[in-house]
Amino acid sequence: MSAPLLISILIRTKNRKLLLQQAVASVLQQTHTQIEIIIVKDGGDDCAVDFSAGVLHTNNKVVWLNNTATQGRSAAANIALQYAQGDYCLFLDDDDWLDPDHLSNLLHAVQQQPGFLLAYSAIRTFDESTGLTAETFQHPFDAIRLLIENYIPIHAVLFARKLITLNCRFDTSLDRYEDWDFWLQCLQHSDFLFVPIFTATYRVSAQSGFGNKDNPDQLAYRLAVYRKWLPRLNSEQLLAVIDRSRLYPQLAVFKQELNDQTHYLNLLQNQELEFIAELQRRADHMAELAAGIQQSELQIQQSELQIQAMAQEILDVANTLQQSQSKLQLELATVSALKSELNVIFNSRSWKLTKPLRLLTKV
């Protein structure tokens, strides 16, 4: 079984210690562990000591290279390439970061397709002005498009060391789009293998190239790349670029239509959300009404039980009254009978004959 391949992570930095710490931390969390980290400080403050203790507990080799004076982004990149010992390399800007499986995914993909010397992933963007993340760079490989514009962030690409031996280097006359120029050099030796998985993040800021393509300075940098590469295009490539440029007005229309449709879709989605919210409010109101009805039904049931209990009490009282009336009637009948007997006695001859005797008894 062959030993795991070494990957060199190449980082250029200058006076961005906190961002650099985040970038390095994302490298140390990679599932592919055979890594060396080469950090080129292109002038500015030396913060190598701040990183030494943080990587001592890992198996990663860290090479810290200090340029006491600023030499430029391209020169710093070439220094990193000079010191790289890995079978594959990946550039990482000091303000970007990688997901833990970024290297392992790209390495696995390129090993499964030995005809490719480069593999690149989809890249999400983080807008530091808004704090929003978006899935932005997910473009299949298109060699003609790469001749027209750079659509591949630098840390998306894992490339074979063989390209260094083929003398692919950064053009020190370019201080912007130097990575685009490097990809165009690599394109002379291999197509790029696209791995359509988002495994890294690109920070969009006021200084980032992708966030300022319409800036006059950025347009000048792009023009420098065109001036270098247009004379090198063969007839087939030049015709393909011209044909593609003819499509751009139509693509602009399509893009505007897409933006309009997206805007309309967003309006519909907002209306849908408002409709759902209204339905929820009504459902909540119906639930409150149902709860009120249930409470009223419970109160009615309790009232019915109370009425039944009161009806039973009235019935019991009525029965008691009826029994009392029957008893009273019986007693009245007894009294009447006694009165009748008394009347018989009082009206009897014997009672009348004995009257003097009763008077004598009282005396």
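Residues numbered from 1 in each chain as written. Predicted model: local features only at pLDDT ≥ 70, side-chain atom pairs only at ≥ 80, totals over all residues. Heavy atoms only, no water.

K.L.:
Summarise the overall build of the chain; cite the residues concerned and give the values.
P.N.:
When helices and strands are tallied, the chain shows 11 helices and 9 strands. By the burial criterion, 34% of the 363 residues in the chain qualify as buried. Across the chain, contacts joining residues at least 24 apart in sequence account for 79% of those joining residues at least 6 apart. Surface accessibility of the chain: about 22500 Å² in total, with carbon and sulfur atoms responsible for 56%. (Helix = DSSP H or I, 4+ residues; strand = E, 2+ residues; numbered from the N terminus. Buried < 20%, exposed > 50% of the residue type's maximum accessible area, 1.4 Å probe, protein only. Contact = heavy atoms within 4.5 Å. Areas by Shrake-Rupley, 256 points an atom, 1.4 Å probe, with all protein chains shown as cover.)

K.L.:
Hey, could you go over the nonpolar core for me, with residue numbers and the actual values?
P.N.:
One finds F159, W183 and F192 to be the most contacted residues of the largest nonpolar core, which totals 75 residues. At 7 residues, strand β9 (residues 192-204) tops the list of elements feeding residues into this core. Excluding its chain neighbours within four sequence positions, the residues that come into contact with W183 are L118, L146, N150, I152, I154, V157, F159 and F192. (Core = buried A, V, L, I, M, F, W, Y, C linked by side-chain atoms within 4.5 Å.)

K.L.:
How would you sum up the packing of aromatic side chains? Please name residues and give values.
P.N.:
Geometry of an aromatic ring pair is reported as the spacing of the ring centres plus the angle between the planes. Within this structure, the stated rule accounts for 15 aromatic pairs. With centroids separated by 6.1 Å and ring planes inclined at 20°, the aromatic side chains of F91 and F159 adopt a geometry described as stacked. Here F91, found in strand β4 (residues 88-91), pairs with F159, found in strand β8 (residues 157-160); they are 68 residues apart in sequence, far enough to count as distant. Residue F91 is classed as buried on the basis of its relative accessible area of 1%. (Phe/Tyr/Trp six-rings, centres within 6.5 Å; stacked < 30°, edge-to-face > 60°.)

K.L.:
Talk me through the state of the cysteines; I want residue IDs and the actual numbers.
P.N.:
Counted according to the given criterion, the structure contains 0 disulfides. Here C186 stays free of any disulfide, with the sulfur of C168 as its closest cysteine sulfur at 4.2 Å. The class of C186 is buried, set by a relative accessible area of 0%. (Disulfide = S-S within 2.5 Å.)

K.L.:
Explain helix α7 (residues 178-187) residue by residue, including any values.
P.N.:
Most of α7 is tucked away: 10 of the 10 residues are buried. Those residues of α7 that fall on the buried side of the exposure criterion are E178, D179, W180, D181, F182, W183, L184, Q185, C186 and L187.

K.L.:
So what's going on with the pattern of salt bridges? Which residues, and what values?
P.N.:
Under the criterion given, the structure shown has 14 salt bridges. Of the charged contacts in the structure, one is a salt bridge between D93 and R12, with a shortest N-O distance of 3.4 Å. Taken together, the residues span a long stretch of sequence, with D93 in the loop between β4 and β5 (97-98) and R12 in strand β1 (residues 7-13) at a distance of 81 residues. No difference in accessibility class separates D93 from R12, as the two residues are buried. (Salt bridge = Lys/Arg side-chain N within 4 Å of Asp/Glu carboxyl O.)

K.L.:
Talk me through the packing of α7 against helix α8 (residues 216-229); I want residue IDs and the actual numbers.
P.N.:
Taken N-terminus to C-terminus, the directions of α7 and α8 make an angle of 25°; their axes are 10 Å apart at the nearest point. Here α7 lies roughly parallel to α8, going by the angle between them. Where α7 crosses over α8, the two elements pack in a sense that is right-handed. Residues W180, D181, L184 and Q185 of α7 pack against R222, V225, Y226, K228 and W229 of α8. A breakdown of the residues in the contact of α7 with α8 according to their chemical character gives 5 nonpolar, 1 polar and 3 charged. (Axes fitted to C-alpha atoms, helices over the stretch in contact; angles between N-to-C directions. Parallel < 35°, antiparallel > 145°, perpendicular 65-115°, else oblique. Left-handed = near helix turned anticlockwise from the far one by under 90°. Nonpolar A, V, L, I, M, F, W, Y, C, P; charged D, E, K, R; others polar.)

K.L.:
Outline the side chain of R203, listing residues and values.
P.N.:
Examined against the element boundaries, R203 turns out to sit in strand β9. In terms of polar contacts, R203 uses its side chain to reach the side chain of Q22, at 3.4 Å. (Polar contact = N/O pair within 3.5 Å; in protein donor to acceptor, adjacent residues only side chain to side chain.)

K.L.:
Go over α8, please, and point to the residues and values.
P.N.:
Look at α8: 20 Å from first C-alpha to last across 14 residues, which is about the 20 Å you get at 1.5 Å a residue. Looking only at α8, the buried set comprises Q218, R222, V225, K228 and W229. One face of α8 carries all of its buried residues, which in axial projection span an arc of 115°. Of the exposed residues in α8, the ones pointing more than 90 degrees away from its buried face are P216, D217 and R227. (Expected span 1.5 Å × (residues − 1). Arc of directions from axis to C-beta.)

K.L.:
A description of the side chain of D99 should follow, citing residues and the corresponding values.
P.N.:
For D99, the location among the structural elements is in the loop between β5 and α4 (102-112). With near-sequence residues (within four places) excluded, D99 lies in contact with Q30, R124, F198, T199 and A200.

K.L.:
If you had to explain the environment of L132 to someone new, which residues and values would you point to?
P.N.:
Mapped onto the elements of the fold, L132 is located in strand β7 (residues 132-137). The exposed category is assigned to L132, whose relative accessible area is 58%. Beyond its immediate stretch of four places on either side in the chain, L132 contacts T125, F126 and D127.

K.L.:
Got a sec to walk through the pairing of β7? Specific residues and values, please.
P.N.:
Here is the key point about a regular strand: its side chains alternate between the two faces of the sheet. For strand β6 (residues 118-127) and β7, the ladder comprises 5 bridges, and the chain directions are antiparallel. When the bridges of β7 are listed, D127 appears paired with L132. As consecutive antiparallel partners, β6 and β7 are separated by 4 residues, and within that stretch G131 has a phi angle of approximately 75°, a positive value. (Pairing = 2+ DSSP bridges.)

Geometry only, nothing functional implied.
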